[in-house]
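Secondary and tertiary structure notes
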Amino acid sequence: MNGAVIRLHVNGQALTVSADDADMSLADYLHERLDLTGTKVCCGIGVCRACTVGIRNRPDALLEKTLACVTTVSTLANQHVYTVESLAQGNRLAPLQQSFLEAFAFQCGYCTPGFLMAATAMLEHLGQYGASAERIDDAIDTWVGGNLCRCTGYVRYKEAIRRVARAKLKGGAGS
Ligand code: FES
Ligand code: FES
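Predicted model only: the values in this text are computed from it and were never measured.

How each quantity is defined
- Residues numbered from 1 in each chain as written.
- Chains lettered and ligands numbered in written order.
- Predicted model: local features only at pLDDT ≥ 70, side-chain atom pairs only at ≥ 80, totals over all residues.
- Helix = DSSP H or I, 4+ residues; strand = E, 2+ residues; numbered from the N terminus.
- Expected span 1.5 Å × (residues − 1).
- Contact = placed C-beta atoms within 7 Å.
- Core = buried A, V, L, I, M, F, W, Y, C linked by C-beta atoms within 7 Å.
- Buried ≥ 20, exposed ≤ 12 C-beta atoms within 10 Å, placed from the backbone.
- Domains from an automatic or database assignment.
- Arc of directions from axis to C-beta.
- Pairing = 2+ DSSP bridges.
- Axes fitted to C-alpha atoms, helices over the stretch in contact; angles between N-to-C directions.

With that out of the way, let us pick up helix α4 (residues 133–144). In this model, α4 (12 residues) spans 16 Å end to end at C-alpha, consistent with the 16 Å of a helix rising 1.5 Å per residue. Each element contacted by the buried residues of α4 is listed here: α3 (112–124) and α5 (155–169).

Take a look at the structure:
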């Protein structure tokens, strides 16, 4: 990597990354340089999606998702990255986190940050799907369907996400 520094935002904080760190994976950078360990790495090769984080190319863009294990920091210049640590406000969980708890959606929890960030991105795109049960399930399948869980299966995750999606479409508490 050449000597240029990289500027990006992580969870709203502006950062300047040294050229020496540019070839790190985003997952390693989060863990080793920022001490943000909520993003989990399982396969490390872009398959399981445990390491999913959110990303915006500008602050007002809809949230997209990316895989932190196969994304190098050098590709993130001027991007806005969001990890699972960005969801709760102090002690107040985000509606999705609360719903995951209430639905008993996870066991070991290792895959949970990836599910949360994929579903968080999905919720921002929900308007393009529509409010029918089928369309909400289409959205979940599209945005979260590739995330793997070795413990619980997917029924409870799906139900937890569905509850928040329904509330958001109704303009309720889950939005
Ligand atoms: S850790 Fe499996 S896709 Fe990143
Ligand atoms: S809850 Fe253990 S891998 Fe998903």
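Next, the rest of the story.
The next subject is the nonpolar core. One recurring pattern in soluble globular proteins: nonpolar side chains tend to sit buried together. Ranked by size, the top nonpolar core spans 48 residues in total, and within it Leu26, Ala119 and Met122 carry the most contacts. Looking at this core, the elements that each hand over two or more residues are β1 (6–10), α1 (26–32), β3 (52–56), β5 (80–82), α2 (95–102), α3, α4 and α5. It is α3 that contributes the most residues to this core, 8 residues altogether. Counting only domains with at least three residues in this core, you end up with domain 1 (6–86) and domain 2 (95–169). With residues near it in sequence (within four places) discarded, Leu26 still touches Val53, Ala68, Thr71, Val73, Leu76 and Val81.

Turning to the environment of Glu124, a few remarks are in order. Among the secondary structure elements, Glu124 is positioned in helix α3. In contact with Glu124, not counting residues within four places along its chain, are Leu62 and Leu63.

Moving on to α5. The end-to-end C-alpha distance of α5 is 21 Å, a good match for the 21 Å that 15 residues give at a rise of 1.5 Å each. Within α5, the full set of buried residues consists of Tyr157, Lys158, Ala160, Ile161, Val164, Ala165 and Lys168. Buried positions in α5, seen along its axis, are confined to an arc of 165 degrees and lie on one side of it. Looking at the buried positions of α5, the neighbouring elements they touch are α2, α3 and α4.

With that out of the way, let us pick up unusual backbone geometry. Unusually for a residue other than glycine, Asn11 sits at a positive phi of about 50 degrees. Looking at the element boundaries, Asn11 is found in the loop between β1 and β2 (13–17). In this structure, Asn78 is a non-glycine residue whose phi angle is positive, near 65 degrees. Take Asn78: it is sitting in the loop between β4 (64–67) and β5.

A separate point is the pairing of β1. Of the two faces of β1, only one is covered, namely that formed by Ile6, Leu8 and Val10; the face formed by Arg7 and His9 stays uncovered. Pairing analysis gives 5 bridges linking β1 to β2, with the strands arranged antiparallel. Each bridged residue has a counterpart across the sheet, and for Val10 the counterpart in β2 is Gln13. Alignment of β1 against β5, held across 2 bridges, turns out to be parallel. Along β5, the bridge assignment pairs His9 with His80.

Reading across from one edge, β2-β1-β5-β3-β4 is the order of the 5 strands in this open sheet, with mixed pairing throughout. The open sheet has two edge strands, β2 and β4, and neither has a second partner. Direction aside, the axes of adjacent strands within the sheet are offset by 35 degrees on average. In the sheet, β3 pairs with β4 via 4 bridges, with the strands oriented antiparallel. In the sheet register, Val53 faces β4, and the bridge partner there is Thr66.

Okay, the environment of Ala88 next. Among the structural elements, Ala88 can be located in the loop between β5 and α2. On the basis of neighbour count, Ala88 is assigned to the exposed category, with 12 C-beta atoms found within 10 Å. Expressed as a C-alpha distance, the spacing of Ala88 and Asp137, which sit 49 residues apart in the sequence, is 25 Å. If sequence neighbours within four positions are ignored, Ala88 has contacts with Leu93, Ala94 and Gln97.

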